Structures are given as C-alpha cells and as structure tokens.
Amino acid sequence: MADGRHIEQGYACAEVVELASEYLEGAMTPEQRTRFELHLNLCDGCSTFLEQVRETAALASSLSVEEIPDDVRAKLLAAFRDWARE
Amino acid sequence: MVIGPAAGERAAEEDAVLVARLRGREERAFEEATSTFYPAMFAVARAYVRSGSDAEEVVQDAWLGVLKGLERFEGRSRLRTWVLQIVANIARDRAVREARSLPFSSLEDDAGEPAVEPERFRGPDEPYPGGWRSFPTDWATLPEERLLARETLDLVRRAIDELPLAQRTVITLRDVVGCAADEVSEALGVSEGNQRVLLHRARARVRARLERHLDG
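Residues numbered from 1 in each chain as written. Chains lettered and ligands numbered in written order. Predicted model: local features only at pLDDT ≥ 70, side-chain atom pairs only at ≥ 80, totals over all residues. Heavy atoms only, no water.

1. A closer look at the overall build of chain B
Part 1 of the reasoning: Each helix and strand counted, chain B has ten helices and zero strands in total.
Part 2 of the reasoning: The N-to-C order of helical and strand elements in chain B reads α-α-α-α-α-α-α-α-α-α.
Part 3 of the reasoning: Taken along the three principal axes of its C-alpha coordinates, chain B extends 65 × 40 × 35 Å.
Part 4 of the reasoning: For chain B, the proportion of contacts with a sequence separation of at least 24, taken over those separated by at least 6, is 67%. (Helix = DSSP H or I, 4+ residues; strand = E, 2+ residues; numbered from the N terminus. Contact = heavy atoms within 4.5 Å.)

2. Observations concerning the pattern of salt bridges
Two side chains bearing opposite charge may form a pair once their charged atoms approach each other closely.
Residue and element names in this part refer to chain B.
Part 1 of the reasoning: Tallied over the full model, the rule gives 26 salt bridges over all chains.
Part 2 of the reasoning: Between glutamate 126 and arginine 133 there is a salt bridge, with the nearest N and O atoms lying 2.9 Å from each other.
Part 3 of the reasoning: Between glutamate 211 and arginine 207 there is a salt bridge, with the nearest N and O atoms lying 3.2 Å from each other. Remark: arginine 207 and glutamate 211 occur in helix 10 (residues 192-215); sequence separation between them is four residues, near one turn of the helix. Of the two residues, glutamate 211 and arginine 207, both sit in the buried class.
Part 4 of the reasoning: Taken together, the shared-partner salt bridges in this structure form one network comprising Arg21, Glu26, Arg28, Glu31 and Glu32. (Salt bridge = Lys/Arg side-chain N within 4 Å of Asp/Glu carboxyl O. Buried < 20%, exposed > 50% of the residue type's maximum accessible area, 1.4 Å probe, protein only.)

3. Some points on the nonpolar core
The nonpolar side chains of a soluble globular protein tend to be buried with one another.
Part 1 of the reasoning: Counting 71 residues, the largest nonpolar core has Met41, Tyr48, Trp63, Phe104 and Leu188 of chain B as the members making the most contacts within it.
Part 2 of the reasoning: A total of eleven residues in this core trace back to one element, the largest contributor, which is helix 2 (residues 27-46) of chain B.
Part 3 of the reasoning: For phenylalanine 104 of chain B, the residues in contact, after removing those within four places along its chain, are Ala47, Tyr48, Ala166, Thr169, Val170, Leu188, Val190 and Leu198 of chain B.
Part 4 of the reasoning: Formed by 20 residues, the second largest nonpolar core is a distinct cluster that contains Val17, Phe36 and Cys46 of chain A together with Phe121 of chain B. (Core = buried A, V, L, I, M, F, W, Y, C linked by side-chain atoms within 4.5 Å.)

4. Side note on the layout of surface pockets
Part 1 of the reasoning: Of the pockets and cavities examined, the second largest pocket occupies roughly 340 Å³.
Part 2 of the reasoning: Glu66 of chain A together with Phe42, Ala43, Asp161 and Thr172 of chain B are the residues nearest the centre of the second largest pocket, which is lined by 18 residues in total. (1 Å grid on protein atoms, 1.4 Å probe; cavity = no way out; pocket = protein on both sides within 12 Å on 5 of 7 lines; lining within 4 Å. Points joined across faces, edges and corners; volume = space filled by probe spheres on them.)

5. Digging into the interface of chain A and chain B
Part 1 of the reasoning: Across the contact, 49 residues belong to chain A and 55 residues belong to chain B.
Part 2 of the reasoning: Applying the counting rule to chain A against chain B returns four salt bridges.
Part 3 of the reasoning: Two residues, arginine 201 of chain B and glutamate 18 of chain A, come together in a salt bridge whose shortest N-O distance is 3.0 Å.
Part 4 of the reasoning: Remark: the boundary between chain A and chain B carries 16 residue pairs in polar contact (both at pLDDT 80 or more).
Part 5 of the reasoning: For the side of chain A that touches chain B, the secondary structure elements donating two or more residues are helix 1 (4-9), helix 2 (13-24), helix 4 (44-61) and helix 5 (70-85) of chain A.
Part 6 of the reasoning: The leading source of residues in the side of chain A that touches chain B is helix 4 of chain A, at 13 residues.
Part 7 of the reasoning: Split by residue class, the side of chain A that touches chain B holds 28 nonpolar, nine polar and twelve charged. (Polar contact = N/O pair within 3.5 Å; in protein donor to acceptor, adjacent residues only side chain to side chain. Nonpolar A, V, L, I, M, F, W, Y, C, P; charged D, E, K, R; others polar.)

6. Some words on the side chain of arginine 207 of chain B
Part 1 of the reasoning: Arginine 207 of chain B sits in the buried class, given a relative accessible area of 0%.
Part 2 of the reasoning: When sequence neighbours within four positions are dropped, the list of residues in contact with arginine 207 of chain B reads Phe49, Gln52, Val53 and Thr56 of chain A together with Val116, Arg120 and Trp139 of chain B.

7. Some words on the environment of phenylalanine 73 of chain B
Residues and elements named next belong to chain B.
Part 1 of the reasoning: With respect to the helices, strands and loops of the structure, phenylalanine 73 is situated in the loop between helix 3 (52-69) and helix 4 (79-97).
Part 2 of the reasoning: With 22 residues separating them along the chain, phenylalanine 73 and alanine 95 place their C-alpha atoms 26 Å apart.
Part 3 of the reasoning: Look past the residues within four positions of phenylalanine 73 in its chain and what remains in contact with it is Val19, Arg23, Arg78, Leu79 and Trp82.

8. A few points about the packing of helix 5 of chain A against helix 2 of chain B
Part 1 of the reasoning: Helix 2 of chain B packs onto helix 5 of chain A with a crossing angle of 140° between their chain directions and a minimal axis gap of 11 Å. With respect to each other, helix 5 of chain A and helix 2 of chain B are oriented oblique. As helix 5 of chain A packs across helix 2 of chain B, the resulting crossing turns out to be right-handed. Only Glu27, Phe30, Glu31, Thr34, Ser35 and Tyr38 of chain B of helix 2 of chain B make contact with helix 5 of chain A, whose side of the interface consists of Val72, Arg73, Leu76, Leu77, Phe80 and Arg81 of chain A.
Part 2 of the reasoning: Taken together, the residues that form the contact of helix 5 of chain A with helix 2 of chain B break down as six nonpolar, two polar and four charged. (Axes fitted to C-alpha atoms, helices over the stretch in contact; angles between N-to-C directions. Parallel < 35°, antiparallel > 145°, perpendicular 65-115°, else oblique. Left-handed = near helix turned anticlockwise from the far one by under 90°.)

9. Some points on the packing of aromatic side chains
Part 1 of the reasoning: Applying the stated criterion to the full structure yields ten aromatic pairs over all chains.
Part 2 of the reasoning: Among the aromatic side chains, those forming a connected cluster through ring pairs are Phe80 and Trp83 of chain A together with Phe30, Phe37 and Trp63 of chain B.
Part 3 of the reasoning: Above the face of the tyrosine 11 of chain A ring, arginine 35 of chain A is positioned so that its terminal group lies 4.3 Å from the ring centre.
Part 4 of the reasoning: The ring of tryptophan 83 of chain A has arginine 25 of chain B lying over it, and the distance from NZ or CZ to the ring centre is 3.8 Å. (Phe/Tyr/Trp six-rings, centres within 6.5 Å; stacked < 30°, edge-to-face > 60°. Lys NZ or Arg CZ within 6 Å of the ring centre and 35° of its normal.)

Structural data, given as structure tokens:
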C-alpha cells in the first residue's frame, strides 16, 4: 500500500478506483497517467482492482450477442429486393 | 481504444468496399451487413423503445433509411457509426411520439455513485486515509474454470440486464458488442466523458457482483 507521503502527492486508493476507466480508455493527461501508474506500482490492492475491471470487460465480451431473428431477416431481404428493383 | 492510422485506413477501405457492393445491389453484401450490424443496432434502438419487438421494428425502419440514403454516405465516419445514428434518430422520434422520457438526458444519478463502497477504504482520521482496508482478491489465483464457468457468465449477463438503462446500453455496446468509444458517444448523443462515466459505473457494478460471487 502507498505510504503517507505518496498519498499527499499522488492518488489515494479511493480515487484510483474512480479513475480506472479514464486510465483504461486512454483519457488521462500524461501527468495523470504517470501519477496513476506510480500508485499502481506501489499498491497491490489497486493493481488487483484494475485487473478485475479488465476481467469484467473481458467476461462481458465473451457473452453472446443479439442475433437477427429469422422473420426480421426475411422482411429486410424483401425490403432490399424492392429497393434493388427501383 | 485508440486506432492507429493504418487500422483506420484499413477500416475506411473495408467500408468503401461494402458500400460499393451495397450500391451495386449485391444481396450477399446486404445480408452480411444486416447480420454484422444487428447487435449494435438492436442495443441502440432498445435504449429508447418499450420492447424488444419495437426495437426490431426500429432496426428494420433504419435499414430502409440506410438504403435510401446510401448514395449520400461520404465515408466521413465508419459505416456502422452512420447506421447507428440513423437507428438512434428513428428510435428517438418514436420515443418522443410515445412521450417516453429519453435516456442519457440526465446523468446525475450515474455520476454520484461510487465505484466501490466507501466502507472498503480507510477514513480521513485513520492511517493511510482513502487506502484499502483489505485488498480485493486476485482473481488470477482462482481456478480458471471458476472464472469461465457457465454460472459466472450467467451472472455477468444478469448483472448487465439489471443495470440502469443508460449504463446497460453503454456496457452492451462497448464491451459485449465491441463498439469504439467515439462510435457509442456519437450514436447516443453523449459526450465522450459522459460515455466513460456510464461505462465505468456499469463495469464497477458488474465487477462488484462478480466479486461477491467469486469471493463467496
């Protein structure tokens, strides 16, 4: 865990968890990113948290997506054929 | 996600090929496009309308609009981004006609919610204020079959289904479907910053559900 001096200059863990997506999305300024990574290097708790957020996104990406129902597909194809004949 | 110039050019080229095939009335190209774009189109439509079948209708109407407007598509954005904006316009008109309140118009509820319960951190008068009381568990230490179990994925699905509408829409588009950040914020008409807030709240809630499940 970060020591007292580091918390004064850098982020506290409670702030890091709020900034996780800013970091993962590449939305930080270079200065913020440096402070954030400095904290991660010193704090196993926040590194684990960030890994959990990444894992959560990865699990979500492994879910199946909504597939086009057959009747919708058929109606769309009919509409396309009408359009193509115009 | 940051796309390099090479990837961006490749994407633009892919779009140009698909648009040319569609303009050439190639049925196979239309079938490919309707299948590939469907998950994102459905998720955008679903954010505004009452039911899944209403969302299906919006997707169909949107394709009619896409075919009609295809000659006007100039390739300034990705084809799917343009298509999603058409979906959102049609779905919004429908929501307004049905006097439904529009999601994404106020983010106050979403912005105020902490990603992790405040009790998990040390108070201002304790040593290391704002530091973890006890660290989260490293999921890498769990047996892999636990993390990838059907049960875990079902829980992720349920946790997403139970999110507030705006959060559910953003995490579905970003993480489940795999859309880019700018695509989502353009289609939904929210700033990139607000899009990130919604994504963060959504991931934080799903993470918390996973944590309770995996630690238990």
